[in-house]
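The chain contents come next:
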Amino acid sequence: MDLYDLTLHQARALLDAGEISAVELTQAVLDRILSVDNAVKAYLTLTPEAALEQARAADAARVGAGLAPAPEGQAMPLRGIPIAVKDIICTAGIPTTCGSRILEDFIPPYDATVVARLKAAGAVILGKTNTDEFAMGSSTENSAFFPTHNPWDLDRVPGGSSGGSAAAVAAGECLGALGTDTGGSVRQPAAFCGIVGLKPTYGRVSRYGLIAFASSLDQVGVLTRDVTDAAILLNVIAGHDPLDSTSLDAPVPDATAALTGDIRGMRVGVPREYFVPGMQPEVEAAVRAALEKLADLGAEIVEVSLPHTDYALPVYYLIAPAEASANLARYDGVRYGLRILGNSLEDTYKQTRGRGFGPEVKRRIMLGTYALSAGYYDAYYLKAQKVRTLIKGDFDRAFEQVDVIVAPTSPTTAFRIGEKTDDPIQMYLSDIFTLSVNLAGICGINIPCGFDAQGLPIGMQIMGPALGEMTILRVAYAYEQATDWHTRRPPI
Ligand code: GLN
């Protein structure tokens, strides 16, 4: 097996045993990027010198053949492991563009907490991955720079908005990656690229240094080749952060302890509202077969209802744009980012924002500003907040009966580049099964569960209650151990 194809935990074992060095591993991944990223276009910025420097630092900790144990009191599970970071997460001294012209030249003076934690855990940071502009999108086609291509079929999208991270993991251009998920942006690209994508509970992971899209929904998540790797990365980034007032001050259990393989007696809910006409039949068939597998493993399958599911899309497209319109007001051409000087202050605002933002971002700002404006606030924004509470109530009731809820991650497999760009509603529908998890503030994971007739990956979503990461990882791992979908690699 090529070094770039290793899972994070396989690489860990080889590094610790002294069978490979961090520099060899990093170089193998950088070579892989060189050979495939012309076609995949997962990265916006590469930092090879810094990466090799970090790899050398990891190797410097060698004693004899292997790596020395981490210093007392410091866990370094990622020492020497090459990781990619979505370009909406601040990295000190490294451009952070959010896939937008308006931040094209922005170099943050500080690291996001999640990046600081990666570094403290010894990770080798390879660079920044492509994203839909300000994470608004489901295909990475809304990046102001270029679209990313799906490594399983280069004519297709990798999903989005964390499409760069998902494609990089799938194509062997990193061993794991950070993404963000506001309405599905970790889980849906993971499904399209045939990898694991975990969106933690709102507040489980710090948002400090994550550039805000919709603050009540945004959460940093992880994209990996298998469930064990997701647990390892979650361990590194989870936990309270005094710099983020919404981060939860709750104990963080060791996520790898959830990987028992035993799900006997667990109750798995199947929401009847998630199996709708119009979804790709192969997706439904694969998820139903996966449910049978879970039953074979000893889980009890129970039908549940999430009756307000139909409202998730309209509620999300009021709340997310409303929050975005407020968050994006800061790009005024005065404080930082792009500045196009006009004849007056107002003209400077207009020129800067008019040229700095792409069409989808403008659409969201207009939708959001409208929903928040006097006279419409009660009818749209306030109403949406109330329905959001009903959607959360659906999950609260369901989780009284079941441990996890299983559904497709996306109604289809990866679509063609350009197929949905002219029709925003079609694009928005691609997240129909993932949005509710963010609205309810709970957690969810995508794992591979099959392929369609074109050879494109199909993803299954396992949803859990707030702080239920251990439970969803346990089910995901048991399924993964009983199947081999996660071992397939794209033909590229
Ligand atoms: N596709 C959804 C949107 O466009 C979700 C994006 C996300 O999770 N960042 O808003």
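Just so it is clear, the structure is predicted and the values come from calculations on it, not from any experiment. (Residues numbered from 1 in each chain as written. Predicted model: local features only at pLDDT ≥ 70, side-chain atom pairs only at ≥ 80, totals over all residues. Heavy atoms only, no water.)

Draft legend 1. Representation of the site of the ligand in the model. Surveying the vicinity of the ligand reveals 15 residues, the closest of which are G183, S185, Y316, R364 and D431. A distance of 2.6 Å separates an oxygen atom of the ligand from a polar side-chain atom of Y316. Compared with its free state, where it exposes 290 Å², the ligand has 100% of that area covered by protein. With respect to the detected pockets, the ligand is housed in the largest cavity. Here the residues of the shell around the ligand are counted per class, giving 5 nonpolar, 7 polar and 3 charged. (Near = heavy atom within 4 Å. Polar contact = N/O pair within 3.5 Å; in protein donor to acceptor, adjacent residues only side chain to side chain. Areas by Shrake-Rupley, 256 points an atom, 1.4 Å probe, with all protein chains shown as cover. 1 Å grid on protein atoms, 1.4 Å probe; cavity = no way out; pocket = protein on both sides within 12 Å on 5 of 7 lines; lining within 4 Å. Sits in = over half its atoms within 2 Å of the grid points. Nonpolar A, V, L, I, M, F, W, Y, C, P; charged D, E, K, R; others polar.)

Draft legend 2. Molecular detail of the pairing of strand 7 (residues 196-199). Here strand 7 shows no split at all, with V196 and L198 on one side and G197 and K199 on the other all buried. In this structure, strand 7 lies alongside strand 8 (residues 220-224), joined through 3 bridges in antiparallel fashion. Along strand 8, the bridge assignment pairs L198 with V222. Inspection of the sheet shows strand 7 paired to strand 12 (residues 443-451) by 3 bridges, in the antiparallel sense. Bridged to L198 within strand 12 is I445. (Buried < 20%, exposed > 50% of the residue type's maximum accessible area, 1.4 Å probe, protein only. Helix = DSSP H or I, 4+ residues; strand = E, 2+ residues; numbered from the N terminus. Pairing = 2+ DSSP bridges.)

Draft legend 3. Up close: the nonpolar core. Residues L78, I89, L118, F134, F395 and I462 are the most contacted members of the largest nonpolar core, which totals 148 residues. The biggest single contributor to this core is helix 9 (residues 312-327), with 9 residues. Beyond its immediate sequence surroundings of up to four residues, L78 is in contact with L8, R12, L118, A121, G122, A123, I232, L233 and V236. (Core = buried A, V, L, I, M, F, W, Y, C linked by side-chain atoms within 4.5 Å. Contact = heavy atoms within 4.5 Å.)

Draft legend 4. Structural detail: the sheet that holds strand 12. Across the sheet, which stays open at both edges, the 11 strands sit in the order 1-5-4-6-8-7-12-13-11-9-10 with mixed pairing between neighbours. Strand pairing shows two members of the sheet lacking a second neighbour, strand 1 (43-46) and strand 10 (300-304), which therefore form its edges. Between one strand and the next, the sheet's axes are offset by a mean angle of 25 degrees, whatever the strand orientation. Relative to strand 5 (residues 124-129), helix 2 (residues 22-40) is tilted by about 20 degrees, and along the sheet it contacts strand 1, strand 4 (82-86) and strand 5. Running at roughly 150 degrees to strand 8, helix 7 (residues 227-237) makes contact with strand 4, strand 6 (176-180), strand 7, strand 8 and strand 12 of the sheet. (Axes fitted to C-alpha atoms, helices over the stretch in contact; angles between N-to-C directions.)

Draft legend 5. Looking closely at the packing of aromatic side chains. Inspection of the entire model under this criterion finds 17 aromatic pairs. Between the aromatic rings of Y274 and F433, the centroid separation amounts to 5.3 Å while the plane-to-plane angle is 25 degrees, which identifies the pairing as stacked. Of this pair, Y274 sits in the loop between strand 9 (267-271) and helix 8 (281-296) while F433 sits in the loop between helix 13 (424-429) and helix 14 (435-440), and the two are 159 residues apart along the sequence. Taken together, the ring pairs in this structure connect F106, F134, Y331, Y336 and F357 into an aromatic cluster. The side chain of K41 reaches across the aromatic face of F146, ending 4.7 Å from its centre. Lying across the ring of F275, R288 places its NZ or CZ 4.1 Å from the centre. (Phe/Tyr/Trp six-rings, centres within 6.5 Å; stacked < 30°, edge-to-face > 60°. Lys NZ or Arg CZ within 6 Å of the ring centre and 35° of its normal.)

Draft legend 6. Highlighting a nonpolar patch on the surface. Taken together, the side chains of V334, L345 and Y349 define a hydrophobic patch exposed on the protein surface, amounting to about 250 Å² of accessible area. Position of Y349 relative to the elements: it lies in helix 10 (residues 345-356). (Patch = residues over 30% accessible without salt bridge, like charges linked within 9 Å, V, L, I, M, F, W, Y side chains within 5 Å. Salt bridge = Lys/Arg side-chain N within 4 Å of Asp/Glu carboxyl O.)

Draft legend 7. Spotlight on the packing of helix 7 against helix 15 (residues 469-481). Viewed as axis vectors pointing N to C, helix 7 and helix 15 meet at an angle of 155 degrees, and their least axial separation amounts to 9 Å. The pairing of helix 7 with helix 15 is recorded here as roughly antiparallel in orientation. Residues V227, T228, A231 and L234 of helix 7 form the contact with helix 15, whose own contacting residues are E469, L473, A476, Y477 and E480. (Parallel < 35°, antiparallel > 145°, perpendicular 65-115°, else oblique.)

Draft legend 8. Examining empty space enclosed by the protein more closely. Under the defined criterion, the tally for this structure stands at 5 cavities of 30 Å³ or more. Roughly 80 Å³ of volume is contained in the largest cavity. If you trace the largest cavity, you find 13 residues lining it, with A135, G137, S185, Y316 and D431 closest to the centre. Approximately 70 Å³ is the volume found for the second largest cavity. Along the walls of the second largest cavity sit R204, L234, N235, A238, V252, P253, A255, L467, E469 and M470, which together make up its complete lining. Every element with two or more residues in the lining of the second largest cavity is listed here: helix 7 and helix 15. Residues that form the lining of the second largest cavity fall into these classes: 7 nonpolar, 1 polar and 2 charged. (Points joined across faces, edges and corners; volume = space filled by probe spheres on them.)

Draft legend 9. Quick look at unusual backbone geometry. Following G160, the chain continues to S161 via a peptide bond in cis, the omega torsion being 10 degrees. One can find S161 in the loop between strand 5 and helix 5 (163-171). With a phi close to 60 degrees, C98 is a non-glycine residue in the positive phi region.

Draft legend 10. Molecular detail of the pattern of salt bridges. Under the counting rule described, the total for this entry stands at 20 salt bridges. E300 is paired through a salt bridge with R267; the nearest N and O atoms lie 3.1 Å apart. Taken as a pair, E300 in strand 10 and R267 in strand 9 lie far apart in primary sequence, 33 residues in all. By relative accessible area, E300 is classed as partly exposed at 42%. Under the relative-accessibility criterion, R267 is labelled partly exposed at 29%. R363 is paired through a salt bridge with E360; the nearest N and O atoms lie 2.8 Å apart. Taken together, the positions of R363 and E360, both in helix 11 (residues 359-372) and 3 residues apart, correspond to about one turn of that helix. For E360, a relative accessible area of 9% translates into the label buried. It is possible to trace a salt-bridge network through shared partners that takes in E360, R363 and R364.

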